[in-house]
Amino acid sequence: LFDGIYPFYPQQRKAAVFDISTIIVIAVFLTLACSFLLIIPGIRGRARLYWTLRVLLSLLVGVVIVVVQFTGDWETGWVQTSTSYKSFSPVQVNADVGLHIGLAGVNITLRGNPVNQINETINYNEHFPWNFGADYDHSYSEGLEKGLPSPILYVAEKFSMQSPCAVHRQYRIAGHYASAMLWVAFCTWIISNILLSMPVLVYGGYMLLVTGAFMIFSLLSFSTVRNSPMCLIQIGTRTLHVAYGGSFWLMLAIGLLCFVAGITIVAMHHLNLDLLKAFFDLREDKAEEYQEMPEVFINPHFVNKGL
């Protein structure tokens, strides 16, 4: 203790975009992809290219559905301004203030420009969760007790339950339902992969359409936060504005990809089923069956008896 005060305190160091959960999910799917690439030389002919394309695209869809659950850039905003650093102090610092909104909470970053100012290192990243089971106001109160810089506390206060902005409940519910729909999309993605590995390709195409639909529904659920006007976040003389971030647009792109793939499979089922089976390596090739038995040995004893 230093005059009865702890000189250090544990900070909520959750990365604004990539955290440990995101890295674990990516590592798992990369392991699956590498394992498949090790066995791909055992597939002969043109089917090798078809298998590689199908598996890599499928893994891409799966990893995106899971990863965006933990990212914090569904909405982002940055502003560079000169602002007060501590409460009850006239000292001004030049800093970049960032706001990163995810499904489970909000990240607020404060980075000095330059980082070392007023004999301190100004480089903060604080996470305030609002998912079910977490107490946002408690995290905000802990930030007050820690003595976080004024810009971080000012931005965090905008999303608290006591704030007149009244956006906390809407962000929390929208993020919860968006996350739930993404988990349903992950389940339908697994079912579509099972169906596409069986001679029922058209049903796999239908499940891809369902997967894309739930991904779009998650985007619509998160977009409901735009129905209520957002309070102005005035930091110094500049205003911080937020816009849809990388996770939002990536989910939209993957959802449209699932729609295109599903529609293509259903259309090929009705227009050219043989080509579709050839792409999924399910075509019955009689020539290959005959090649497995190039020579036929006949017992002359049965031939002589007319059998």
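Residues numbered from 1 in each chain as written. Predicted model: local features only at pLDDT ≥ 70, side-chain atom pairs only at ≥ 80, totals over all residues. Heavy atoms only, no water.

### Quick look at the overall build of the chain
Alright, step 1. For the chain, the count of helices and strands is ten helices and seven strands.
Alright, step 2. Residues classed as buried in the chain amount to 41% of the 307 residues present.
Alright, step 3. The contacts of the chain with a sequence gap of at least 6 include a subset with a gap of at least 24, amounting to 68%.
Alright, step 4. When the accessible surface of the chain is summed, it comes to about 17,600 Å², and 65% of that surface belongs to carbon and sulfur atoms. (Helix = DSSP H or I, 4+ residues; strand = E, 2+ residues; numbered from the N terminus. Buried < 20%, exposed > 50% of the residue type's maximum accessible area, 1.4 Å probe, protein only. Contact = heavy atoms within 4.5 Å. Areas by Shrake-Rupley, 256 points an atom, 1.4 Å probe, with all protein chains shown as cover.)

### Digging into the pattern of salt bridges
Alright, step 1. Per the counting criterion, the structure on display carries one salt bridge.
Alright, step 2. The closest approach of N and O atoms between lysine 86 and glutamate 120, which form a salt bridge, is 2.9 Å. A residue pair is termed long-range when its members are at least 10 positions apart, and lysine 86 in the loop between strand 1 (75-84) and strand 2 (92-101) and glutamate 120 in strand 4 (residues 120-129) qualify at 34 residues.
Alright, step 3. Here lysine 86 falls in the partly exposed class, since its relative accessible area comes to 44%. (Salt bridge = Lys/Arg side-chain N within 4 Å of Asp/Glu carboxyl O.)

### Concerning the UniProt feature "transmembrane region" (unreviewed entry) in the chain
Alright, step 1. In the numbering used here, UniProt assigns the feature "transmembrane region" (unreviewed entry) to residues 20-39, 51-70, 177-196, 203-222 and 242-267.
Alright, step 2. Counted over residues 242-267, helix gives 85% and strand 8%. Its end C-alpha atoms are 40 Å apart. (UniProt positions renumbered as here; feature names shortened; annotations may be inferred.)

### What about the state of the cysteines?
Alright, step 1. By the definition in use, this model includes one disulfide.
Alright, step 2. Between the sulfur atoms of cysteine 165 and its disulfide mate cysteine 231 the distance is 2.2 Å. Disulfide cysteine 165-cysteine 231: the torsion about the S-S bond is -130°, which places it as left-handed. Placement of cysteine 165 in the loop between helix 4 (150-157) and helix 5 (168-196) and of cysteine 231 in the loop between helix 6 (201-223) and strand 5 (233-235) is noted, with a sequence separation of 66 residues between them.
Alright, step 3. Assessed through its relative accessible area of 9%, cysteine 165 is described here as buried. (Disulfide = S-S within 2.5 Å.)

### Topic: unusual backbone geometry
Alright, step 1. Cis geometry is adopted by the peptide bond preceding proline 114, which originates at asparagine 113 and carries an omega value of 10°.
Alright, step 2. Tracing the chain through its elements places proline 114 in strand 3 (residues 105-117).
Alright, step 3. For isoleucine 118, which is not glycine, the phi torsion reads 45° and is therefore positive.
Alright, step 4. Relative to the elements of secondary structure, isoleucine 118 occurs in the loop between strand 3 and strand 4.
Alright, step 5. For isoleucine 118, a relative accessible area of 38% corresponds to the partly exposed category.
Alright, step 6. In the Ramachandran plot, asparagine 119 falls in the positive-phi region, its phi being about 60° despite a non-glycine side chain.
Alright, step 7. Along the chain, the position of asparagine 119 falls in the loop between strand 3 and strand 4.

### Brief notes about the environment of serine 247
Alright, step 1. Relative to the elements of secondary structure, serine 247 occurs in helix 7 (residues 246-271).
Alright, step 2. Distance in space between the C-alpha atoms of serine 247 and valine 67 is 8.9 Å, their sequence separation being 180 residues.
Alright, step 3. Once you skip the residues sitting within four places of it in the chain, serine 247 turns out to touch Val68, Thr71, Asp73 and Trp74.

### Description of the pairing of strand 2
Alright, step 1. With eight of ten residues buried, strand 2 is to be regarded as a mostly interior element.
Alright, step 2. Judged from the ten bridges that link them, strand 1 and strand 2 form a sheet pairing that is antiparallel. Note that in strand 2 the partner of glutamine 80 across the bridge is aspartate 96. (Pairing = 2+ DSSP bridges.)

### Re the sheet that holds strand 3
Alright, step 1. Strand order in this open sheet of five strands is 4-3-2-1-7, and the pairing throughout is antiparallel. Two strands bound the open sheet, and with one partner strand each, they are strand 4 and strand 7 (243-244).
Alright, step 2. Strand contacts of helix 3 (residues 136-146): strand 3 and strand 4, with the helix running at about 160° to strand 4, the strand carrying the most contacts.
Alright, step 3. Relative to strand 3, helix 4 is tilted by about 160°, and along the sheet it contacts strand 1, strand 2, strand 3 and strand 4. (Axes fitted to C-alpha atoms, helices over the stretch in contact; angles between N-to-C directions.)

### Description of the layout of surface pockets
Alright, step 1. Put simply, the largest pocket is a space of about 720 Å³.
Alright, step 2. Along the walls of the largest pocket sit 26 residues, with Arg54, Leu196, Ile265, Phe279 and Phe280 positioned nearest its centre.
Alright, step 3. Only helix 2 (47-67), helix 5, helix 7 and helix 8 (273-279) provide two or more residues apiece to the lining of the largest pocket.
Alright, step 4. Sorting elements by how many residues they give to the lining of the largest pocket places helix 2 first, with eight residues. (1 Å grid on protein atoms, 1.4 Å probe; cavity = no way out; pocket = protein on both sides within 12 Å on 5 of 7 lines; lining within 4 Å. Points joined across faces, edges and corners; volume = space filled by probe spheres on them.)

### Here we look at the packing of helix 1 (residues 20-39) against helix 2
Alright, step 1. Put simply, helix 1 and helix 2 touch, their axes get as near as 10 Å, and they point 170° apart. The orientation of helix 1 with respect to helix 2, classified from their angle, is roughly antiparallel. Listed contacts from helix 2 to Thr22, Val25, Ile26, Phe29, Leu32, Ala33 and Phe36 of helix 1 are Trp51, Thr52, Val55, Leu56, Leu59, Gly62, Val63, Val66 and Val67.
Alright, step 2. Considered class by class, the residues forming the contact of helix 1 with helix 2 number 13 nonpolar, three polar and no charged. (Parallel < 35°, antiparallel > 145°, perpendicular 65-115°, else oblique. Nonpolar A, V, L, I, M, F, W, Y, C, P; charged D, E, K, R; others polar.)

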